[in-house]
Amino acid sequence: MTQSARHTQSTTSVLMIRPGRFYPNPETAADNAFQRDANCGSDALAFVARKEFDAAVQTLRAAGVNVHVFEDTAEPEKPDAVFPNNWISTHHDGRIALFPMYSALRRRERRQDIVEELRKHYRVTDVMDYSVFEDEGCCLEGTGSLVFDHPINIAYV
């Protein structure tokens with residue numbers, strides 16, 4: 001990472017998780033229109049996902065975006081790890097929010113090492129962990145459909 005430690009949050013930087021395993025999540029596929037049966041095995045699908053991921057990182061970096069890449073861990077298995085925007089969000093005032101997830105497989109994605117790495121490079125003022133609401137059967141899967149550019153007041157959907 002080339003950025004100096006403790007600078008403020010900015011939409012010129014993104015956090016991405018390079019997929020280790022990638023396949024339709026059996027716990028969420030029934031009610032997620034974007035998931036469908038793959039025409040290939042999970043190893044082949046993960047290979048294609050990694051290739052697409054690497055191309056996206058290269059494209060973003062070529063456009064001047066600072067990309068923080070974290071490798072997915074082999075264990076525990078997490079088919080959706082490439083979508084961290086559902087379990088974590090960062091905010092312009094230095095707050096980080098951790099969200100309660102519907103799927104038990106998705107709950108495995110929350111990683112304290114990622115939060116700690118962000119602390120090394122950004123000003124983190126607070127970590128709000130809402131995941132305790134999972135015990136009450138409540139979930140809120142983060143910012144999966146919105147990206148806010150606060151300096152110019154635009155939301156990308």
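The structure displayed is predicted, hence computed values, not measured ones.

Definitions and cut-offs
- Residues numbered from 1 in each chain as written.
- Predicted model: local features only at pLDDT ≥ 70, side-chain atom pairs only at ≥ 80, totals over all residues.
- Heavy atoms only, no water.
- Buried < 20%, exposed > 50% of the residue type's maximum accessible area, 1.4 Å probe, protein only.
- Helix = DSSP H or I, 4+ residues; strand = E, 2+ residues; numbered from the N terminus.
- Arc of directions from axis to C-beta.
- Contact = heavy atoms within 4.5 Å.
- Expected span 1.5 Å × (residues − 1).
- Pairing = 2+ DSSP bridges.
- Axes fitted to C-alpha atoms, helices over the stretch in contact; angles between N-to-C directions.
- Polar contact = N/O pair within 3.5 Å; in protein donor to acceptor, adjacent residues only side chain to side chain.
- 1 Å grid on protein atoms, 1.4 Å probe; cavity = no way out; pocket = protein on both sides within 12 Å on 5 of 7 lines; lining within 4 Å.
- Points joined across faces, edges and corners; volume = space filled by probe spheres on them.
- Nonpolar A, V, L, I, M, F, W, Y, C, P; charged D, E, K, R; others polar.
- pLDDT = per-residue confidence, 0-100.

Turning to helix 3 (residues 112-121), a few remarks are in order. All buried positions along helix 3 are accounted for by Ile114, Val115, Leu118 and His121. Down the axis of helix 3, the sector holding all buried residues measures 125°, keeping them to one side. Considering only its buried residues, helix 3 is in contact with strand 1 (13-18), strand 2 (66-71), strand 3 (88-90), strand 4 (95-98) and strand 5 (126-129).

Our next topic: the environment of Cys138. Here Cys138 lies in the loop between strand 5 and strand 6 (147-149). Among the residues examined, Cys138 registers a relative accessible area of 36% and is labelled partly exposed. For Cys138, the contacting residues outside a window of four places in its chain are Pro100 and Phe133.

A word on helix 1 (residues 42-62). An α-helical turn contains 3.6 residues, so a residue and the one three or four places further along point in the same direction. Across its 21 residues, helix 1 extends 30 Å between first and last C-alpha, which sits within 8% of the 30 Å expected from 1.5 Å per residue. Three or more residues of helix 1 are buried, namely Leu45, Ala46, Ala49, Phe53 and Val57. Projected down its long axis, helix 1 carries its buried residues within an arc of 110°, all on one side. Relative to its buried face, helix 1 has exposed residues pointing more than 90 degrees away, namely Phe47, Lys51, Glu52, Gln58, Thr59 and Ala62. Those residues of helix 1 that are buried are in contact with strand 1 and strand 2. Among the residues trailing helix 1, Gly64 stands out with phi positive, at a value near 90°.

Within a beta sheet, neighbouring strands are joined by backbone hydrogen bonds and run either parallel or antiparallel to one another. With mixed pairing, three strands are arranged side by side in an open sheet as 3-4-5. Since the sheet does not close on itself, it has two edges, and those belong to strand 3 and strand 5, each with one partner. In this sheet, neighbouring strand axes are inclined to one another by 15° on average, regardless of whether the strands run parallel or antiparallel.

Attention now moves to unusual backbone geometry. Along the chain, Glu75 connects to Pro76 via a cis peptide bond; the corresponding omega equals -5°. Among the secondary structure elements, Pro76 is positioned in the loop between strand 2 and strand 3.

Moving on, we get to the environment of Tyr122. Within the fold, Tyr122 resides in the loop between helix 3 and strand 5. Tyr122 sits in the buried class, given a relative accessible area of 6%. With 28 residues separating them in the primary sequence, Tyr122 and Gly94 have C-alpha atoms 7.7 Å apart. A polar side-chain atom of Tyr122 sits 2.5 Å from a polar atom in the side chain of His68.

It is worth spelling out empty space enclosed by the protein at this point. In the structure shown here, the tally under the stated rule is one cavity of 30 Å³ or more. If you add up the space inside the largest cavity, you get close to 40 Å³. Taken together, Ile17, Asp72, Lys78, Ala81, Trp87, Glu109 and Arg111 form the lining of the largest cavity. Broken down by class, the residue content of the lining of the largest cavity amounts to three nonpolar, no polar and four charged.

Let us look at the confidence of the model for the protein. In low-pLDDT regions, the fine details of the predicted coordinates are not to be read closely. Chain-level statistics for the protein give a pLDDT mean of 83 and a share of 82% at 70 or above. Taking the mean pLDDT of every element in the protein, the minimum, 72, falls on strand 6 and the maximum, 96, on strand 5. Ignoring residues within four places in sequence, the model shows residues 1-9, a span with pLDDT below 50, making 29 contacts including any to other chains.

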